[in-house]
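Geometric and topological summary
Listed below are the residues making up each chain.
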Amino acid sequence: MTKSATWILGPALLVCISCNAGDADGSPAEAAATTVVATITPSTSTPTTSTTSTSASEEVAAEPKDSGNPCVVTVLAGDFLSRIAGRIDDASIEGIVAENRLVDGHVLHPGDVLDVCIDNDVNDITGASLVASDPAVVRSQQTKLNELFAPYRFVDLAIDGDSGPLTRQLLCAARLGLGLPATGAHMTDGSAEEETLLAASSVSLPDGVDISAEKWILIDKTCQVMFTGEGDKLVNIYPTSTGESGHATTNVNSVKAFRFNPASETEGWHDSTSFPVAADNPLNGNMYKPIYFNDGEAIHGAGYVPPTPRSKGCARTFPLHQDELISWLGLADVTEAIWQTATIGLSVTVQGEYRDIDR
């Protein structure tokens, strides 16, 4: 709950003004940085990058590489949205923004790919449908998802044929655990990925896990799910809600959790100093027994964990899931805040990028 940023999204502009990593609740000294990884500028401006000066030759984007799919283009160094749109028939800046769910806070990087076939009801990057299948097909998918995730900490889906946010959250988690591209889109009837889903008997470790860590958590922002494990063993999978637009949880690779606060005096509920509430209790949506990583972001319990980003830079869990995590880490008997990474014994990876799964 520690990240703050101001973003501007104009007709053709996405710029990160500032990103402050700091003190959620008395964590170590605050740090501040201003970073624009890739600025997407209007056609009347010169594209820039944040860390190095751009030579004259680099300011003119090269021709896009052939991806083999005319609906998918690769963002190049020096690219900006009006230039990309100008290369594509029947594409506009507004259409590309909408098709790719480029919300306030998104920054494009060279090497990213964009879907430039507008309003065709397909995610052309993954091939996933943006239109729900027939309810009978969705019910079959929901039944299979309940079977696959029965060993883990998700509430069973209602077998109602509605490919809504909860179903798509679990479809996304299944894609991760089956080695498929992560997306929260509907799953198309008869597609190769549906065949993979229906044939599966279990899910496996997703890409991105640090199996060298004794105990690890992988938070995937695309799917809003949290995998936990020990070495090459998958232990559990939980729903999560990561940082909302403007307070996105930072992508990190296997960083050590450095602090745990059991907040024993207030029954586990800790009030963030950056985003305080009137009282420490679950109705205020503050932090239940937070485990801190990455300069003050936290994994913590909360009274509300939707399948969409709603936190202030942290990753929410339900309180009973947070208690399970704490017991798994051997910290259930800790009564005072501790700062020892070796005692906590947890490596945290955050990956992916959430895009609105509701169309």
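Quick look at the structure, then. Treat the numbers as computed from the prediction; the structure is a model and nothing was measured.

1. Points about the pattern of salt bridges
- Summed over all chains, the structure comprises 6 salt bridges.
- E324 is the salt-bridge partner of R153, the closest N and O atoms lying 2.8 Å from each other. Within this pair, whereas R153 is found in the loop between α4 (135–148) and α5 (165–177), its partner E324 is found in helix α7 (residues 319–328), the two being separated by 171 residues in sequence.
- Relative accessible area serves as the criterion here: at 29%, R153 is assigned to the partly exposed category.
- A relative accessible area of 27% places E324 in the partly exposed class.

2. Side note on unusual backbone geometry
- We note that D119 has phi near 60°; this positive angle belongs to a residue other than glycine.
- Examined against the element boundaries, D119 turns out to sit in the loop between β5 (113–115) and β6 (122–123).
- Relative accessible area serves as the criterion here: at 58%, D119 is assigned to the exposed category.
- We note that A263 has phi near 45°; this positive angle belongs to a residue other than glycine.
- In this structure, A263 sits in the loop between β12 (259–260) and β13 (269–270).

3. Description of the side chain of H186
- In this fold, H186 is placed in the loop between α5 and α6 (192–199).
- Given a relative accessible area of 8%, H186 falls into the buried group.

4. Looking at the state of the cysteines
- All told, the structure shown has 2 disulfides when counted by the stated rule.
- With a sulfur-sulfur separation of 1.9 Å, C71 is cross-linked through a disulfide to C117. Disulfide C71-C117: the torsion about the S-S bond is -80°, which places it as left-handed. Of the two residues, C71 is situated in the loop between α1 (56–59) and β4 (72–74) and C117 in the loop between β5 and β6; the sequence distance between them amounts to 46 residues.
- Look at C117 and you get partly exposed, because its relative accessible area is 22%.
- There is a disulfide in this structure between C172 and C223, and the S-S distance comes to 2.0 Å. Torsion about the S-S bond of the C172 and C223 cystine: about -70°, corresponding to left-handed handedness. Here the residue C172 occupies a position in helix α5, and C223 occupies one in the loop between β8 (216–220) and β9 (225–230), the gap between them amounting to 51 residues. The same class applies to C172 and to C223, which are both buried.
- Once the disulfide-bonded cysteines of the chain are ranked by sequence position, their pairing pattern turns out to be 1-2, 3-4.

Cut-offs used in this document
Residues numbered from 1 in each chain as written. Predicted model: local features only at pLDDT ≥ 70, side-chain atom pairs only at ≥ 80, totals over all residues. Heavy atoms only, no water. Salt bridge = Lys/Arg side-chain N within 4 Å of Asp/Glu carboxyl O. Helix = DSSP H or I, 4+ residues; strand = E, 2+ residues; numbered from the N terminus. Buried < 20%, exposed > 50% of the residue type's maximum accessible area, 1.4 Å probe, protein only. Disulfide = S-S within 2.5 Å.

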